[in-house]
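Reading the structure
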Amino acid sequence: LVGVLALVPLYQPGSRQEPPGTPLTALKAEAIEHVRIVRAGQPQIRIEKQADSWRLVAPRAARANRFRMGDFTGLAEARASTHFAAGTDLGQYGLDRPLATVYLSEVEIRFGARRPLASALYVLHAGEVKLLPAALLRAATVPLDDLFDTGLLEENAKLVALQLPGFRLQQNDT
């Protein structure tokens, strides 16, 4: 019992440990107001926060999938395992012609090549090359169709009628 009590100050149960690595950006997820995705040969995607929801603005206007938007907002606080000054030869990291460039509000993040023999990806942010988990590339390369909200109706919409071939159902004002 004495041994267990001696370990309590060392392990500090209930205290939260920071994940390893440094945050990719200083931007907090809740501070992001708009997202822009630029990929070679594809239309630019622009998404804006409006009140408590996200809306696609370009290339088409629609409600944005809130779960996919979580991938972008989480990217702001992703942890980089390694970082170093970018230098002038960005080509060796695939950052001279990035796979995608994501702008979180005004913060630019370029996605480059995967690191050989590792499940990591080179990104460029604020003049530094950083290594992130390769799974985060999914946010930057997500197909446009995956960004659309899959809900049939707007969140506050009220259904007043339903019409199908040979059938109509309508709510009466009573």
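Preceding this paragraph is the structure being described.
As the structure is a computational prediction, the values presented were derived from the model and not from experiment.

Spatially, β5-β4-β3-β2-β8-β9-β10-β11-β7 is the arrangement adopted by the nine strands of the open sheet, whose pairing is antiparallel. Either end of the sheet is taken by a strand with one partner, and the two such strands are β5 (62-63) and β7 (82-85). Note that strand β3 (residues 45-50) and strand β4 (residues 53-58) share five bridges and pair antiparallel. Paired with Arg 46 across the bridge in β4 is Ala 58. Its contacts with the sheet put helix α2 (residues 66-76) on β2 (34-38), β3, β4, β8 (100-104), β9 (107-114) and β11 (128-133), and the angle it makes with β8 is roughly 80°.

Turning our attention to the nonpolar core. Note on soluble globular proteins: their nonpolar side chains tend to be buried together. Formed by 32 residues in total, the largest nonpolar core has its most connected members in Val 35, Ile 47, Leu 56, Phe 72, Leu 104, Phe 111 and Leu 147. Elements with a contribution of two residues or more to this core: β2, β3, β4, α2, β8, β9, β10 (120-125) and α3 (137-141). Sorting elements by how many residues they give to this core places α2 first, with four residues. When neighbours within four sequence positions are excluded, Leu 104 is seen to be in contact with Leu 27, Ile 32, His 34, Val 35, Phe 72, Leu 75, Ala 76 and Ile 109. In this structure, Tyr 93, Leu 95, Ala 120 and Val 129 belong to the second largest nonpolar core, which totals nine residues.

Looking now at the pairing of β2. Burial along β2 is one-sided: the face carrying Val 35 and Ile 37 is buried and the face carrying His 34, Arg 36 and Val 38 is not. Connecting the antiparallel pair β2 and β3 is a turn made up of six residues, with Gly 41 showing a positive phi of about 75°.

The subject of this paragraph is α2. Because each turn of an α-helix spans 3.6 residues, side chains separated by three or four positions end up pointing in the same direction. By the burial criterion, the buried members of α2 are Met 69, Phe 72, Thr 73, Leu 75 and Ala 76. Along α2, the residues classed as buried sweep out an arc of 150° about the axis, all on the same side. Where α2 begins, the capping side chain belongs to Asn 65, and its oxygen is found 2.8 Å from the backbone nitrogen of Phe 67.

Basis of the calculations
Sequence order as written defines the numbering, with residues in each chain counted from 1. The predicted nature of this model means local features are confined to residues of pLDDT at least 70 and side-chain atom pairs, given and counted, to a pLDDT of 80 or more, with totals for whole chains, interfaces and linings taken over all residues. Computation of side-chain values covers all heavy atoms of the structure but excludes hydrogens and water. Think of it this way: DSSP has to see at least two bridges between two strands before they count as a pair. Numbering of helices and strands runs from the N terminus, with a helix taken as a DSSP run of H or I at least four residues long and a strand as a DSSP run of E at least two residues long. Contact definition: two residues touch when any of their heavy atoms are within 4.5 Å. Note on geometry: axes are C-alpha line fits, over the in-contact stretch for helices, and angles between N-to-C directions span 0 to 180 degrees. Definition used in this section: a nonpolar core is a set of buried Ala, Val, Leu, Ile, Met, Phe, Trp, Tyr and Cys residues joined via side-chain atoms within 4.5 Å. Buried, partly exposed and exposed residues are distinguished by accessible area as a fraction of the type maximum, computed with a 1.4 Å probe on protein chains only: under 20%, between the cut-offs, and over 50%, respectively. By definition, the arc is the one covered by directions from the helix axis to the C-beta atoms. In the analysis that follows, any N or O atom pair within 3.5 Å is treated as a polar contact, provided that within protein one partner can donate a hydrogen and the other can accept it, and provided that, for residues neighboring in sequence, both atoms belong to side chains.

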